[in-house]
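# Residue-level structure breakdown
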Amino acid sequence: MTTLTNKRIVLGVTGSIAAYKSAELTRRLRDAGADVRVVMTRGAEAFITPLTLQAVSGHPVHRHLLDTEAEAGMGHIELARWADAILVAPCSANFLAALAAGRADELLGAVCLAGDVPLALAPAMNGKMWQDKATADNIRLVSSRGILLFGPDDGEQACGEVGTGRMREVDELVTNLADLFETGSLTGKTVLVTAGPTREAIDPVRFISNHSSGKMGYAIAAAAVEAGAKVLLVSGPVSLPCPDRVTRIDVESAEQMLAAVEAGMSGVDILIATAAVADYRPVQVHAEKMKKQGGHLSLELEPTPDILATIKAAHPKVFSVGFAAETTQLEEYAQRKLVQKGIEMIAANLVGPAATETGGTFGSDTNALHLFWANGNLRLPVASKDKLARLLIAHVAQYYSEYQFTPRVSGGKVVKLVERTKPAG
Ligand code: PMT
């Protein structure tokens, strides 16, 4: 399957009759998962309107180099930095010559010069123009600079002649572009990650919560994006920025987290529950700030919903990974949770004073994980949370691909686990 999931493509459109195909190309690039920003030259506007390309790309079309308003939104340097690849389709003989000469008098030329990403041209011109020595020289020049050529192809041309110069078919261009990117282990998959703590209100100013900073969960969301997945992050209150290319939904309480996860589950392949969900909440939430009184105060607590167990029961085919935060008997408790929650894998970590190596885990930049699944386990020694997240995602991707959706655990009994001999990392 051709995929450009999470990829950001600048599509340059120049003055050629084939420009009418750019609307379909934009649509196909988006169908393949890409975010597309269109840059048009003045010549292109004679063949297709910016409004058409704005409608199909879902973003305003970039047209003028010296437009202060547009530059303030996303300037040419920012646009070049934003892109994972630039495709000029159609690429006219005139734009090819401008590129060969290194000209930046139009926005597209400036973006191509400023870009440090793969740049591909899909030439489209009359056969005689394609064969002209000047065009041949320009092609040699741009090729020597590492610029890629997708086409042109042979066939009937707009001018009625038959020969080389036809813009490559739209579907083929999408495939050519997708081939530029290495396929990640989770390409085409959707991953939902929960992260951070929950807050269970006592009154309008007080709550029950824990020390989770969200760092572990956010690192996992970023690693899943890196592996090619589409990622939804349901996050409790933390002070971290949303990782690039992740869709974040902010929640406060366990109840809200359950609702947000339920609402986001459509199309999800893998659920990774890193959130430190409060296990109990006050039975009564006071509408006014509770006044200090003499003597002791007792709060009656009730259990919060078990988000992971509830979602797994409702979506048994979703490969589900839990986390177990323990201060003691890590392996025993983690294996018990693996079975009780009916999930495929659990990542156990020590928290609090027992986790001296990782600085307590909560809030620290490092951690150590012990992964358990029905018939195996694997230790991931102390490392940064970013590194551990990448390792975890690599193992999840591997086991997900081997996963048969047959029950691995039954009757609430912990199955015997086998230590993997493969070293972590
Ligand atoms: O956020 P950091 O500061 O980086 O710290 C990372 C972390 C310690 C929070 C993280 O690595 C971690 O261990 N997260 C899980 C914490 C936790 O709540 O563990 P638990 O053993 O209480 O819960 C087991 C699993 O059930 C977890 O996947 C949890 O998300 C889930 N759960 C728990 C209670 C509940 N009501 N609903 C749930 O879904």
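Everything quoted here is computed from the prediction, not taken from an experiment.

## Details of the nonpolar core
If you look at the biggest cluster of nonpolar residues, it comprises 40 residues, and the most contacted ones within it are Val191, Ile220, Val231 and Ile272. With nine residues, the single largest contributor to this core is helix 14 (residues 385-402). When sequence neighbours within four positions are dropped, the list of residues in contact with Val191 reads Leu186, Ala224, Ala229, Lys230, Val231, Leu232, Ile270 and Ile272.

## A look at the domain arrangement of the chain
Domain boundaries in the chain define domain 1 (8-179) and domain 2 (190-281 + 300-419). When each unit is reduced to the centre of its C-alpha atoms, the spacing between domain 1 and domain 2 is 43 Å.

## Some details on the packing of helix 10 (residues 215-226) against helix 14
As a packed pair, helix 10 and helix 14 sit with axes 8 Å apart at the nearest point and diverge in direction by 50°. The orientation of helix 10 with respect to helix 14, classified from their angle, is oblique. For the pair helix 10 and helix 14, the sense of crossing is right-handed. Between helix 10 and helix 14, the contacting residues are Lys215, Met216, Ala219, Ile220, Ala223, Ala224 and Glu226 on the first element and Lys385, Asp386, Leu388, Ala389, Arg390, Leu392 and Ile393 on the second.

## Some thoughts on the pairing of strand 3 (residues 85-91)
Burial analysis of strand 3 places seven of its seven residues in the buried class, which makes it a mostly covered element. Burial along strand 3 is two-sided: Ala85, Leu87, Ala89 and Cys91 and Ile86, Val88 and Pro90, pointing in opposite directions, are all buried. By the bridge criterion, four bridges tie strand 1 (residues 8-13) to strand 3 in an arrangement that is parallel. Pairing of Ile9 across the sheet is with Ala85, part of strand 3. As paired elements, strand 3 and strand 4 (residues 119-123) share four bridges and run parallel to each other. The residue of strand 4 that forms the bridge with Cys91 is Pro123.

## Regarding the pattern of salt bridges
This structure, assessed with the given rule, holds 23 salt bridges. A salt bridge links Arg166 to Glu169, with the nearest nitrogen and oxygen atoms 2.8 Å apart. What makes Arg166 partly exposed here is its relative accessible area of 27%. A salt bridge links Arg379 to Glu331; the nearest nitrogen and oxygen atoms lie 3.0 Å apart.

## Things to note about the pairing of strand 2 (residues 35-40)
Looking along a regular strand, one sees side chains alternate from face to face of the sheet. With five of six residues buried, strand 2 lies mostly within the body of the structure. The β-α-β motif built from strand 1, the intervening helix 1 (residues 22-31) and the parallel element strand 2 has right-handed crossover chirality.

## So, the layout of surface pockets
Of the volumes computed, that of the largest pocket is approximately 790 Å³. Where the lining of the largest pocket is concerned, the elements lending two or more residues are helix 10, helix 12 (307-314) and strand 16 (319-326). In terms of residue class, the lining of the largest pocket is built from 16 nonpolar, 14 polar and six charged. A volume near 380 Å³ is recorded for the second largest pocket. In this structure, the second largest pocket is lined by 19 residues; those nearest its centre are Asn6, Gly33, Lys230, Arg245 and Thr247. Going through the elements one at a time, strand 11 (230-235) and strand 12 (246-250) are the ones with two or more residues in the lining of the second largest pocket. Among the residues making up the lining of the second largest pocket, the classes are represented as five nonpolar, eight polar and six charged.

Each value, and the rule that gives it
Residues numbered from 1 in each chain as written. Predicted model: local features only at pLDDT ≥ 70, side-chain atom pairs only at ≥ 80, totals over all residues. Heavy atoms only, no water. Core = buried A, V, L, I, M, F, W, Y, C linked by side-chain atoms within 4.5 Å. Buried < 20%, exposed > 50% of the residue type's maximum accessible area, 1.4 Å probe, protein only. Helix = DSSP H or I, 4+ residues; strand = E, 2+ residues; numbered from the N terminus. Contact = heavy atoms within 4.5 Å. Domains from an automatic or database assignment. Axes fitted to C-alpha atoms, helices over the stretch in contact; angles between N-to-C directions. Parallel < 35°, antiparallel > 145°, perpendicular 65-115°, else oblique. Left-handed = near helix turned anticlockwise from the far one by under 90°. Pairing = 2+ DSSP bridges. Salt bridge = Lys/Arg side-chain N within 4 Å of Asp/Glu carboxyl O. Right-handed = clockwise from strand over helix to strand, strands pointing away. 1 Å grid on protein atoms, 1.4 Å probe; cavity = no way out; pocket = protein on both sides within 12 Å on 5 of 7 lines; lining within 4 Å. Points joined across faces, edges and corners; volume = space filled by probe spheres on them. Nonpolar A, V, L, I, M, F, W, Y, C, P; charged D, E, K, R; others polar.

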